[in-house]
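Observations on chain architecture
Take a look at the letters that make up each chain.
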Amino acid sequence: METNTAAETTAPAKPAALEGLPPVSDAVAATPKLVQSSTPAVQGPEMKKRELVDAVVKRSGVKKKDARQVVDAMLAVLGKSLANSRELNLQPLGRLKVTRVKQTNGGQVMICKLRQNGGAEKADKEALAEDDD
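The present account deals with the structure reproduced in this document. (Residues numbered from 1 in each chain as written. Predicted model: local features only at pLDDT ≥ 70, side-chain atom pairs only at ≥ 80, totals over all residues. Heavy atoms only, no water.)

**Focus on the overall build of the chain**
To keep it simple, the criterion reads: Strands here are runs of E lasting at least two residues and helices are runs of H or I lasting at least four, both read from the DSSP assignment and numbered beginning at the N terminus. The buried label goes to any residue with under 20% of its type's maximum accessible area, the exposed label to any with over 50%, and the partly exposed label to all in between, with areas taken from a 1.4 Å probe on protein chains only. When checking whether two residues touch, look at their non-hydrogen atoms; a contact exists if any pair is within 4.5 Å. Only the protein chains shown count as covering a residue, and every accessible area follows the Shrake-Rupley method with a 1.4 Å probe.
Each helix and strand counted, the chain has four helices and three strands in total. Starting at the N terminus and walking to the C terminus, you meet the elements of the chain as α-α-α-β-β-β-α. Scored against the burial criterion, the 133 residues of the chain give a buried share of 8%. Pairs at least 24 apart in sequence give 19% of the contacts found in the chain among residues at least 6 apart. If you sum the accessible surface of the chain, you get close to 12400 Å²; carbon and sulfur atoms cover 55% of it.

In structure tokens form, the structure reads like this:
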């Protein structure tokens, strides 16, 4: 038969600061709170240059070889402007500003901020400018 000693049966004394508080077993459990990340999620598949050229051909009605040359030239100019940290104001795309640049082994990583004013929806409804032939 086992005998209990006084140390095993007596509860430890509470510090004075904890006097009057309910026991831990009576405490209400904190409700967990979901913290949402501010990391943007990619909404769809990336657009490749071929798809961009096809969209330009469909929207403008120009020949594919002409559209490809224009898209290539436009991308070269935009890339050089961004490399020189120029701010671009290209409506209806929006205002594009380079905020940080980090050099890496494979080139440079540019963190950009793009602000759109809702002009993208309007541009879809507007007709393209006609050539003055």
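**Here's the deal with the environment of I111**
Among the structural elements, I111 can be located in strand β3 (residues 107-115). Residue I111 is classed as partly exposed on the basis of its relative accessible area of 35%. Expressed as a C-alpha distance, the spacing of I111 and V101, which sit ten residues apart in the sequence, is 6.3 Å. In contact with I111, not counting residues within four places along its chain, are K97, V98, T99 and R100.

**Points about the pairing of β3**
Inclusion rule: A strand pair is defined by DSSP finding two or more bridges across the two strands.
Summarising the sheet, strand β2 (residues 94-104) and β3 pair through nine bridges and their orientation is antiparallel. By the bridge assignment, Q103 is partnered in β3 with Q108. Where β2 folds back on β3, the antiparallel hairpin that results is connected by two residues.

**What to know about helix α3 (residues 64-83)**
As a reminder of what qualifies: One fewer than the residue count of a helix, multiplied by 1.5 Å, yields its expected span. To obtain the arc, one takes the directions from the helix axis to the C-beta atoms.
With 20 residues, α3 extends 28 Å from end C-alpha to end C-alpha; this agrees with the ideal 28 Å at 1.5 Å per step. When we look at burial in α3, the residues that qualify are A67, V71, S81 and L82. Seen along its axis, α3 keeps its buried residues to an arc of 95°; they face one direction. In α3, those exposed residues whose orientation departs by more than 90 degrees from the buried face are K65, Q69, V77 and K80. Tucked inside the fold, the buried residues of α3 contact α2 (49-60), β1 (88-90), β2 and β3.

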